[in-house]
Number of protein chains: 2
Amino acid sequence: MGCDVSALNTVQFSNHTGYKQWKGTRVSAQEITDLWEGLKQSYLDNFDMMLSGYVPGAAAVEAVGCIAKELREKARAKKTDDQSPGRGSFFWVLDPVMGDNGRLYVAEDVVPAYRGLIPYADLILPNQFEAELLSEVKIHDQASLYRAIEVLHSRYGVPHVVITSLPLPLSLPPSPGEGEEPEQSRPPPTRTMSVVGSSMTSDRRPRPFRIPFSVFDCYFSGTGDMFAALMVTRMREAVHNTSTNNPDSGSAPDPRLEDVHSWLSPDGVDALDLPLARAAEKVLASMHEVLERTCAAMGAELRGAVRALKGKSDSADDLDPRTAHLLRSHAAELKLSRNLACLRNPGIRYHAEKM
Amino acid sequence: MGCDVSALNTVQFSNHTGYKQWKGTRVSAQEITDLWEGLKQSYLDNFDMMLSGYVPGAAAVEAVGCIAKELREKARAKKTDDQSPGRGSFFWVLDPVMGDNGRLYVAEDVVPAYRGLIPYADLILPNQFEAELLSEVKIHDQASLYRAIEVLHSRYGVPHVVITSLPLPLSLPPSPGEGEEPEQSRPPPTRTMSVVGSSMTSDRRPRPFRIPFSVFDCYFSGTGDMFAALMVTRMREAVHNTSTNNPDSGSAPDPRLEDVHSWLSPDGVDALDLPLARAAEKVLASMHEVLERTCAAMGAELRGAVRALKGKSDSADDLDPRTAHLLRSHAAELKLSRNLACLRNPGIRYHAEKM
């Protein structure tokens with residue numbers, strides 16, 4: 001996508017954990033801090049944006065949070081020193097990786113660690129379960145969804161929120177035993193999901209939009225990471241291409257949006273005109289194209305892998321379940337490198353809607 | 001470049017060592033082996049090519065070598081099993097990182113470790129110093145260069161060799177005290193260097209070519225790694241686009257070159273027609289474009305960094321030498337991501353010549 005990136009690996013694993021078995025090591029909080037000290041001592045701490053994803057354990061989450069806080073502080077100081085607003089901008093995209101589908105897959109003390117850091121983030125990318133954990137609002141209809149976003153903006157002051165996948169429709173009548181596994185009594189899942197986003201107003205009110213998208217009937221791993229990585233570049237791009245369009249600015253020259261703290265659009269900007277909505281539309285377009293191609297290649301890849309393992313036959317049906325799962329996981333790896341054009345120049349397919 | 005890549009990091013450093021200071025950790029031989037075991041247990045060991053670069057210490061070099069040997073063995077076994085030659089191909093590009101300009105920068109026991117592994121490599125990418133270490137031939141003219149390549153092919157049986165930068169002309173009259181720092185009495189270095197490559201014949205004779213290229217008057221780090229990474233993709237591409245063109249094949253269908261062990265062209269193929277030469281030309285074309293753009297951006301980047309550090313002034317002249325070196329190193333980082341087109345579609349500029 002054209003961005004220079006420094007990766008600070010928080011694990012070195014042989015493979016992603018979707019395979020259910022892996023070898024390798026997690027880095028400690030101390031190692032994260034050491035690497036950051038190494039960058040600083042050589043003046044390599046000039047980052048415009050930061051993306052944080054899975055971080056192993058509460059101490060390591062704190063260490064990552066310290067990096068973001070220092071980068072923000074540094075940006076703020078620079079802003080004052082040389083009188084040029086914007087040169088000090090810094091934007092943290094925080095994916096609060098804690099769990100999914102009602103299940104926590106990190107240690108319990110990671111949750112309060114993230115709660116303490118969200119106020120320093122510019123954009124958070126929780127899934128439904130993580131949004132519920134952070135807002136302490138159970139999302140089961142439009143009203144509770146709105147309430148969860150409201151809490152995220154108001155309690156944490158986080159300017160931008162994208163909840164990365166919500167089933168649609170959300171406005172079903174409450175099922176009996178609401179709150180305990182309500183999904184079980186719902187109709188079979190529809191093949192449409194929604195991304196729901198919001199950039200808050202100056203008084204921390206939501207400006208929500210949703211983007212419905214089709215779900216492929218395939219198993220994938222890493223879609224959350226792909227979404228987050230693409231949001232970083234697309235958010236930056238959307239902001240740099242957007243005037244603030246401030247109806248209250250009168251004759252004063254509009255500040256460029258990238259010079260505004262947290263790239264927050266003026267209150268006059270409608271939800272559907274937010275850079276966040278533009279960015280999410282492009283990200284979903286890329287994801288659709290990559291997932292489509294991954295799905296299309298999957299069958300042949302799996303047959304090839306089975307043939308390589310068993311000789312002539314290419315049917316996965318008589319493999320033991322563990323082997324079948326491993327080969328299926330490999331065949332389902334997102335086909336990114338070979339589909340670079342889908343990442344760079346996707347055809348917009350999904351559009352933001354009012355909620 | 002479109003290839004799916006698995007990276008096994010042999011270090012996690014805050015920055016490259018050209019800065020002369022860094023923090024972080026090296027991985028142990030055990031960690032390398034563990035990660036490899038993790039890949040194998042999940043059937044993720046199906047690699048067509050492998051590139052190895054800097055590896056910390058002799059034990060870790062051995063561990064990396066074991067991975068390559070197992071991949072080769074696996075490819076060989078597969079070839080026999082399913083009767084389909086080529087499906088079992090494996091190609092190891094080994095950059096024997098040991099030192100430069102007469103100075104070893106790894107432990108001494110790394111040298112014999114590499115000597116033991118070169119016979120398992122398909123392509124090695126030593127610089128002049130490393131070629132001298134491996135061949136035990138001091139390169140000071142065309143004849144000694146030829147002899148060094150001859151030794152690399154014959155002693156180690158390594159099919160493809162590229163020596164990544166040699167001063168030109170090499171055929172100066174021997175200076176007094178030849179053998180001890182002969183460079184000192186030479187004329188000032190010309191701004192042309194050469195890449196010298198060779199793919200051996202079936203009786204291990206060299207087929208050498210050289211590609212002269214211009215040197216930019218800039219300091220860079222990581223050009224060796226860029227060269228190696230690009231050679232992997234370009235070698236694969238050149239082989240897939242090349243018929244073996246075997247004059248002795250008669251009416252039998254030509255085997256595709258990628259199905260031939262080590263992608264070694266038949267003896268009838270001239271040095272200038274080798275896939276290795278085509279690959280190196282494309283790599284040098286990309287490097288020229290990236291280095292040119294890096295050079296062009298360097299001044300402004302350095303001034304920006306100085307201004308960020310000192311406030312108004314942007315001259316690096318009155319910085320202390322350590323700080324100046326750090327800022328210069330950062331400004332000299334290869335501008336890769338933003339110049340993707342130079343990597344993917346460079347304009348060929350340098351051509352292979354007979355030696």
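Residues numbered from 1 in each chain as written. Chains lettered and ligands numbered in written order. Predicted model: local features only at pLDDT ≥ 70, side-chain atom pairs only at ≥ 80, totals over all residues. Heavy atoms only, no water.

On to the overall build of chain A, then. Along the backbone of chain A there are nine helices and eleven strands. Looking at chain A as a whole, 49% of its 355 residues are labelled buried. Counting only contacts in chain A whose residues sit at least 6 apart along the sequence, the fraction spanning at least 24 positions is 71%. Carbon and sulfur atoms provide 51% of the accessible area of chain A, an area that totals close to 16400 Å². (Helix = DSSP H or I, 4+ residues; strand = E, 2+ residues; numbered from the N terminus. Buried < 20%, exposed > 50% of the residue type's maximum accessible area, 1.4 Å probe, protein only. Contact = heavy atoms within 4.5 Å. Areas by Shrake-Rupley, 256 points an atom, 1.4 Å probe, with all protein chains shown as cover.)

We now examine the relation of the copies chain A and chain B. The two copies are related by a screw operation: chain A maps onto chain B through 180 degrees of rotation and 0.0 Å of translation along the axis, at an RMSD of 0.0 Å. Such a combination of rotation and displacement between the chain copies is what one expects of a two-fold axis. Most of the interface of chain A is mirrored in chain B, where 100% of its interface residues are also at the interface. (Least-squares fit on C-alpha atoms with pLDDT ≥ 70 in both.)

Attention shifts here to the state of the cysteines. Residue and element names in this part refer to chain A. A complete count under the given rule lists two disulfides over all chains for this structure. With its sulfur 2.1 Å from that of its partner, Cys-218 forms a disulfide with Cys-295. The S-S bond linking Cys-218 to Cys-295 shows a torsion near 125 degrees; that makes this disulfide right-handed. With Cys-218 in the loop between strand 10 (208-214) and helix 6 (223-240) and Cys-295 in helix 7 (residues 275-310), this pair connects stretches of sequence that are 77 residues apart. Taking the relative accessible area as the measure of exposure, Cys-295 reaches 19% and is therefore buried. (Disulfide = S-S within 2.5 Å.)

For the rest of this paragraph, the subject is the packing of helix 7 (residues 275-310) of chain B against helix 8 (residues 321-331) of chain B. Residues and elements named next belong to chain B. Contact geometry of helix 7 with helix 8 gives a least axis separation of 9 Å together with a crossing angle of 135 degrees. By the angle between their directions, the pair helix 7 and helix 8 is classed as oblique. Helix 8 is crossed by helix 7, and the crossing has right-handed handedness. Along the contact surface, helix 7 presents Met-298, Glu-301, Leu-302, Ala-305, Val-306 and Leu-309, while helix 8 presents Thr-323, Leu-327, Arg-328, His-330 and Ala-331. Among the residues forming the contact of helix 7 with helix 8, the class breakdown is seven nonpolar, two polar and two charged. (Axes fitted to C-alpha atoms, helices over the stretch in contact; angles between N-to-C directions. Parallel < 35°, antiparallel > 145°, perpendicular 65-115°, else oblique. Left-handed = near helix turned anticlockwise from the far one by under 90°. Nonpolar A, V, L, I, M, F, W, Y, C, P; charged D, E, K, R; others polar.)

The next point concerns the interface of chain A and chain B. Interface size is often expressed as the accessible area that is lost when the parts come together. Tallying the contact residues gives 42 residues for chain A and 42 residues for chain B. Summed over both partners, the interface of chain A with chain B comes to about 3400 Å²; 53% of that surface belongs to carbon and sulfur atoms. Put simply, Asp-4 of chain A and Arg-338 of chain B hold a salt bridge, and the shortest N to O gap is 2.4 Å. Applying the counting criterion to the chain A and chain B interface returns twelve residue pairs in polar contact (both at pLDDT 80 or more). (Buried area = accessible area lost by both parts, 1.4 Å probe. Salt bridge = Lys/Arg side-chain N within 4 Å of Asp/Glu carboxyl O. Polar contact = N/O pair within 3.5 Å; in protein donor to acceptor, adjacent residues only side chain to side chain.)

So, about the confidence of the model for chain A. Residues and elements named next belong to chain A. Predicted confidence across chain A gives a mean pLDDT of 88, with 87% of residues reaching 70 or more. Taken as a whole, residues 172-190 scores under 50 in pLDDT and shows twelve contacts with residues more than four places along the chain or in a different chain. With pTM at 0.90, the complex prediction returns an ipTM value of 0.88. (pLDDT = per-residue confidence, 0-100.)

Residues and elements named next belong to chain A. With respect to the secondary-structure elements, Asp-122 resides in the loop between helix 3 (110-117) and strand 7 (123-124). Sequence separation between Asp-122 and Leu-264 is 142 residues; the distance between their C-alpha atoms is 9.2 Å. Leaving out residues up to four positions away in the same chain, Asp-122 has contacts with Arg-72, Phe-90, Phe-91, Trp-92, Val-158, Pro-159, His-160 and Ser-262. A polar contact of 2.4 Å, which involves the side chain of Asp-122, links it to the side chain of Arg-72.

Bringing the sheet that holds strand 11 (residues 353-354) of chain B into the picture now. All names here are of chain B. Read from one edge to the other, the open sheet built from seven strands follows the order 3-4-7-8-9-10-11, with strand pairing classed as mixed. The open sheet has two edge strands with one neighbour each: strand 3 (49-52) and strand 11. Where strand 4 (residues 91-94) lies against strand 7 (residues 123-124), two bridges are found, and the strand directions are parallel. The partner of Val-93 across the bridge, within strand 7, is Leu-123. Seen against the sheet, helix 4 (residues 128-135) touches strand 7 and strand 8 (160-167) and runs at an angle of roughly 130 degrees to strand 8. In the packing of helix 6 (residues 223-240) onto the sheet, the strands contacted are strand 3, strand 4, strand 7, strand 8 and strand 9 (192-199), and the crossing angle to strand 3 comes to about 165 degrees. (Pairing = 2+ DSSP bridges.)

For the rest of this paragraph, the subject is the packing of aromatic side chains. All names here are of chain A. Going through the model one piece at a time under the given rule, you end up with six aromatic pairs over all chains. Look at Phe-91 and Trp-263: their rings are 4.2 Å apart centre to centre, the planes differ by 15 degrees, and that puts the pair in the stacked class. Here Phe-91 is found in strand 4 (residues 91-94), whereas its partner Trp-263 is found in the loop between helix 6 and helix 7, with 172 residues between them in sequence. For the cation-ring pair, Lys-69 lies above Tyr-120, with the distance from its terminal atom to the ring centre recorded as 4.5 Å. (Phe/Tyr/Trp six-rings, centres within 6.5 Å; stacked < 30°, edge-to-face > 60°. Lys NZ or Arg CZ within 6 Å of the ring centre and 35° of its normal.)

A few words on helix 7 of chain B. Residue and element names in this part refer to chain B. For helix 7, which comprises 36 residues, the first-to-last C-alpha distance of 51 Å matches the rise-based estimate of 52 Å (1.5 Å per residue) to within 8%. If you look at helix 7, its biggest bend is around 40 degrees, right at Met-298. Looking at the residues trailing helix 7, positive phi occurs at Gly-311, about 95 degrees. (Expected span 1.5 Å × (residues − 1). Bend = angle between axes of the 7 residues up to and from the residue.)

This brings us to helix 1 (residues 29-41) of chain A. Residues lying three or four places apart along an α-helix face the same way, a consequence of the helix completing one turn every 3.6 residues. Residue and element names in this part refer to chain A. End to end, helix 1 covers 18 Å across 13 residues, agreeing with the expected 18 Å (1.5 Å per residue, within 8%). Turning to helix 1, its buried residues number three or more, namely Ala-29, Ile-32, Leu-35, Trp-36, Gly-38 and Leu-39. Tyr-43 sits one or two residues past helix 1 and shows a positive phi near 60 degrees.

Below, the discussion takes up the sheet that holds strand 9 (residues 192-199) of chain A. Residue and element names in this part refer to chain A. Strand order in the open sheet made by the seven strands is 3-4-7-8-9-10-11, with mixed pairing throughout. Every other strand in the sheet has two partners, leaving strand 3 (49-52) and strand 11 (353-354) as the edge strands with one partner each. Against the sheet, helix 7 engages strand 7, strand 8 (160-167), strand 9 and strand 10, with an angle of about 10 degrees to strand 10.

All right, on to the environment of Glu-73 of chain A then. With respect to the element layout, Glu-73 of chain A can be found in helix 2 (residues 58-81). A C-alpha to C-alpha distance of 9.2 Å links Glu-73 of chain A and Phe-90 of chain A, two positions 17 residues apart in sequence.

All names here are of chain B. Counted by the stated rule, this structure contains 42 salt bridges over all chains. Among the salt bridges present, the one from Arg-210 reaches Glu-353, with a minimum N-O distance of 3.2 Å. Of this pair, Arg-210 sits in strand 10 (residues 208-214) while Glu-353 sits in strand 11, and the two are 143 residues apart along the sequence.

This part covers the nonpolar core. If you look at the biggest cluster of nonpolar residues, it comprises 102 residues, and the most contacted ones within it are Phe-209, Phe-227 and Met-231 of chain A together with Phe-209, Phe-227 and Met-231 of chain B. With residues near it in sequence (within four places) discarded, Met-231 of chain A still touches Leu-123, Leu-125, Val-162, Leu-276, Ala-279, Ala-280 and Val-283 of chain A. With 49 residues, the next largest nonpolar core counts Val-27, Phe-90 and Met-98 of chain A together with Leu-326 of chain B among its residues. (Core = buried A, V, L, I, M, F, W, Y, C linked by side-chain atoms within 4.5 Å.)

With that out of the way, let us pick up the packing of helix 6 of chain B against helix 7 of chain B. All names here are of chain B. With their axes 8 Å apart at the nearest point, helix 6 and helix 7 run at an angle of 135 degrees to one another. Taken together, helix 6 and helix 7 sit at an angle that is classed as oblique. Helix-helix and strand crossings are classified by hand; for helix 6 and helix 7 the assignment is right-handed. Contact residues: Thr-223, Met-226, Phe-227, Leu-230, Met-231, Arg-234, Met-235, Glu-237, Ala-238 and Val-239 in helix 6; Pro-275, Leu-276, Arg-278, Ala-279, Ala-280, Lys-282, Val-283, Leu-284, Ser-286, Met-287, Val-290 and Leu-291 in helix 7.

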